[in-house]
Amino acid sequence: MSLQVKAREPLKAVEKTETVRRGRSLAVRRTRAGYVMSAPALLFLGATMLFPLAYNFWTSVHDVAIGDLLTGDWQFSGADNYDSVASEGAFWHAVRVSLVFTAGSLFFQFTIGFALALLFVKTFPLAGLFRSLMLVAWLLPPIVSGTLFRWMLDADAGAYNELLRLVGLDSLAHNWLTDPSTALPGVIAANIWVGVPFNMLLLLVGLQSIDPTLYEAAEIDGAGPWQRLRHITVPMMKPVAAAVLLLGLIYTFKVFDLVFVLTGGGPVDSTRVLPLYVYEIAFKLFQLGRGAAAGTLLLVIPLIVAIVYVRRLRKEGAT
Amino acid sequence: MTRTKRPWLLTLVAGVITAFFLLPLYWMIATSLKKPDQVLVSPPQWIPSPFTGDSYSRALDKPMLGQALLNSVAISLGVVALTLLLAVPLTYAVARIRMRGSGAMVLSLLVAQLLPSIVLAAPLFIVLRQVELTNTLIGLVIADTTLTLPFAVIVLRPLVRAMPVEVVEAALVDGCGLPGVLWRVVLPVMRPGLIAIGGFSFLLGWGEFVFGITLNSDPKVQPVTVLLNTFVGQTGTDWGPLMAVATLVSIPVVCVFAMLQRYIVGGLTAGSVKS
């Protein structure tokens, strides 16, 4: 690079204005190239994301049933669909189920993931192999994980019930997913299983980035393992932990397939999370206007999270 | 980190935890290899004896399974191709070219990842029906790519940004046009990211379900995840063949992960924690 610049030096006087002009037109041309390069992806996302979102909103303020879809005869109905959804007990029930599902999943995914990260940050034989094996659980299609847990939690032949019997807790063994009082914990357990490896992986990366000399210094100063965890690891991990929890919140709140295959929302609505509720209105009852309104309401929580997330990124100057 | 005393003790602890954690996977494979009359016995057999491929042959007898597996392969490969095709130029533009609105673009891509696919499903159905792409594999490729594309740009962007300006400038000065620069200079730099995104897109296309069930009602073009779900719903679930199908669906996941592990883990952590 620098060699080329030197070779051009004799022509400096003539070249100067020339390069300025060329530089500017180059910049313009490059900006244009930038738009050209962005266009395909932006048009694509415009058609498959922005337009559907706008369309969803449009639908939500109209009275649309499946028949009206074909005739195009839509009645503007203002906030009626929102009123109708929000006045439905089933909606608020789904909100509660979603909150419990999300909070329960997040808490255990994070604590178990953190404990495992603390274990796997140490160097010991086969650590890499075990870690990779666990990650497979997270990459499996959610439908497969759901199917597996249906089988694991089955009444008679389920492996978990058999384990309970082996350790003498026979009284706890039963068909988790068909009992309304244990179905939600069962679904949460499956989702914890899915999420633990991801939490472990990200927290592990965070742990590995902590400067080891901090620990050495603390050890020399006589800090025990517990003190080192409390005064070095925990404070240093706060930013990573916040990112992991935020991502976990977003991913968990929109979980559909896992619950769908495990229980389909039953028994008696005990596991009907918000995405399942939206699905049933739109694709089972074909009340498209109400479904769209419920869908828009489903966006509220991710949107709040997004605002927090974007603000945080802005503050860090990452974007 | 600090020195580890007694590393083998840690190996033992980690091994026990991993084994317990992977029990569902073991149970899936073990069940798939049992004889039909051994599947539901109580107490269950922890190790299938004798091993038999009976469940597999019964699973493969099911109509549509072969077709559904092929559909999923086609969809996944399509998602990989379309994602890379759209993501690479956009990434370069937002990472390297000064233009108005690129900051907003990156922010919207971050936010796009938060959308629940069920909210997109109904309007996407209507959009795709307009262009007669419902009940086609292409329609599903398009729908799935909405999920991979924003993530791809977010993972790839730091790689392009980390590339020294001089390299691109030099190539441009040398008379290499922008397409040439992209092909010869930028793409090689993106390689690890492209492999990560390729692997990730494949896995996402392979495991996607919401669009599969909402956009394609014709079983001939449904992915294997939807077929798996219909097997589960049947009364008196036939667990042997079902676990055989689940195992078959898991095999590509394990293969792709084993091959691309380094890239996928690196790409995912980079894209998730820091952007």
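As shown above, the structure is provided for reference.
Residues numbered from 1 in each chain as written. Chains lettered and ligands numbered in written order. Predicted model: local features only at pLDDT ≥ 70, side-chain atom pairs only at ≥ 80, totals over all residues. Heavy atoms only, no water.

(A) Fine view of the overall build of chain A. When you go through chain A residue by residue, the secondary structure sums to 15 helices and two strands. A globule of 319 residues ought to have a C-alpha radius of gyration of about 20 Å, yet chain A, at 27 Å, is considerably larger. Taken over 319 residues, chain A has a buried fraction of 51%. In chain A, of all internal contacts separated by at least 6 residues, the share reaching a separation of at least 24 is 63%. Carbon and sulfur atoms make up 67% of the accessible area of chain A, which amounts to about 15400 Å² in all. The positive charge centre, built from 26 side chains, and the negative charge centre, built from 22, are 17 Å apart in chain A. (Helix = DSSP H or I, 4+ residues; strand = E, 2+ residues; numbered from the N terminus. Rg over C-alpha atoms; globule rule 2.2 N^0.38 Å. Buried < 20%, exposed > 50% of the residue type's maximum accessible area, 1.4 Å probe, protein only. Contact = heavy atoms within 4.5 Å. Areas by Shrake-Rupley, 256 points an atom, 1.4 Å probe, with all protein chains shown as cover. Lys, Arg positive; Asp, Glu negative; His and termini not counted. Charge placed at Lys NZ, Arg CZ, Asp CG, Glu CD.)

(B) Spatial organisation of the interface of chain B and chain A. Between chain B and chain A, the residue contacts involve 99 residues of the former and 97 residues of the latter. Along the contact surface separating chain B from chain A lie zero salt bridges. Between chain B and chain A we count eight residue pairs in polar contact (both at pLDDT 80 or more) in total. Among the elements that line the side of chain B that touches chain A, the one with the most residues is helix H13 (residues 239-273) of chain B, at 15 residues. A class-by-class count of the residues in the side of chain B that touches chain A yields 71 nonpolar, 19 polar and nine charged. (Salt bridge = Lys/Arg side-chain N within 4 Å of Asp/Glu carboxyl O. Polar contact = N/O pair within 3.5 Å; in protein donor to acceptor, adjacent residues only side chain to side chain. Nonpolar A, V, L, I, M, F, W, Y, C, P; charged D, E, K, R; others polar.)

(C) Quick peek at the packing of aromatic side chains. Counted under the stated rule, the structure contains 22 aromatic pairs over all chains. Here the aromatic rings of Tyr55(A) and Trp74(A) are separated by 6.0 Å at their centres, their planes lie at 75°, and the arrangement is edge-to-face. On the criterion of sequence distance, the pair formed by Tyr55(A) in helix H2 (residues 12-60) and Trp74(A) in the loop between helix H3 (66-71) and strand S2 (75-76) is long-range, its members being 19 residues apart. With a relative accessible area of 18%, Tyr55(A) lands in the buried category. Residue class for Trp74(A) comes out buried when judged on its relative accessible area of 17%. Grouped by ring-pair contacts, the aromatic residues Phe149(A), Tyr160(A), Trp193(A), Phe20(B) and Phe21(B) constitute a single cluster. (Phe/Tyr/Trp six-rings, centres within 6.5 Å; stacked < 30°, edge-to-face > 60°.)

(D) Structural detail: the packing of helix H9 (residues 165-173) of chain B against helix H10 (residues 178-207) of chain B. All names here are of chain B. Orientation of H9 relative to H10, taken along the N-to-C sense of each, is 130°, at an axis distance of 10 Å. In this view, H9 runs oblique relative to H10, as classed from their interaxial angle. In this structure, the crossing between H9 and H10 has a hand that is right-handed. On H10, the residues that touch Val167, Val168, Ala171 and Leu172 of H9 are Leu178, Val181 and Val185. When its residues are assigned to classes, the contact of H9 with H10 shows seven nonpolar, no polar and no charged. (Axes fitted to C-alpha atoms, helices over the stretch in contact; angles between N-to-C directions. Parallel < 35°, antiparallel > 145°, perpendicular 65-115°, else oblique. Left-handed = near helix turned anticlockwise from the far one by under 90°.)

(E) Looking closely at the pattern of salt bridges. Residues and elements named next belong to chain A. For the coordinates displayed, the defined rule picks out six salt bridges over all chains. Here arginine 290 makes a salt bridge to glutamate 88, at a shortest N to O gap of 3.0 Å. Of this pair, arginine 290 sits in helix H14 (residues 288-298) while glutamate 88 sits in the loop between helix H4 (80-86) and helix H5 (89-120), and the two are 202 residues apart along the sequence. What makes arginine 290 buried here is its relative accessible area of 15%. A salt bridge links glutamate 162 to arginine 165; the nearest nitrogen and oxygen atoms lie 3.0 Å apart. Here glutamate 162 and its partner arginine 165 are both found in helix H8 (residues 159-166), three residues apart, which amounts to about one turn of the helix. Taking relative accessible area as the criterion, glutamate 162 reaches 7% and is therefore assigned buried. Connected through shared salt-bridge partners, Asp269, Arg272 and Glu280 make up one network.

(F) How the structure looks around the nonpolar core. By size, the foremost hydrophobic cluster in this structure holds 189 residues, and its most contacted members are Phe120(A), Trp193(A), Tyr92(B) and Ile118(B). The element that contributes the greatest number of residues to this core is helix H9 (residues 180-208) of chain A, accounting for 15 residues. Counting residues in hydrophobic clusters, the runner-up holds five residues, among them Tyr55(A), Val64(A), Leu288(A) and Ile126(B). (Core = buried A, V, L, I, M, F, W, Y, C linked by side-chain atoms within 4.5 Å.)

(G) Just the side chain of Asp144(B), in detail. You can see Asp144(B) is positioned in helix H8 (residues 137-161). This buried residue, Asp144(B), is left without a salt bridge; Lys254(A) holds the nearest opposite charge, at 12 Å.

(H) Representation of unusual backbone geometry in the model. For the peptide bond that leads from Gly266(A) to Pro267(A), omega is -15°, which places it in the cis range. By the element assignment, Pro267(A) lies in the loop between helix H12 (257-262) and helix H13 (274-284). One non-glycine residue, Phe286(A), lies in positive phi territory at about 55°. Mapping Phe286(A) onto the fold places it in the loop between H13 and H14. Its relative accessible area of 36% is what places Phe286(A) among the partly exposed residues. Phi at Met64(B) is positive, roughly 80°, even though this residue is not glycine.

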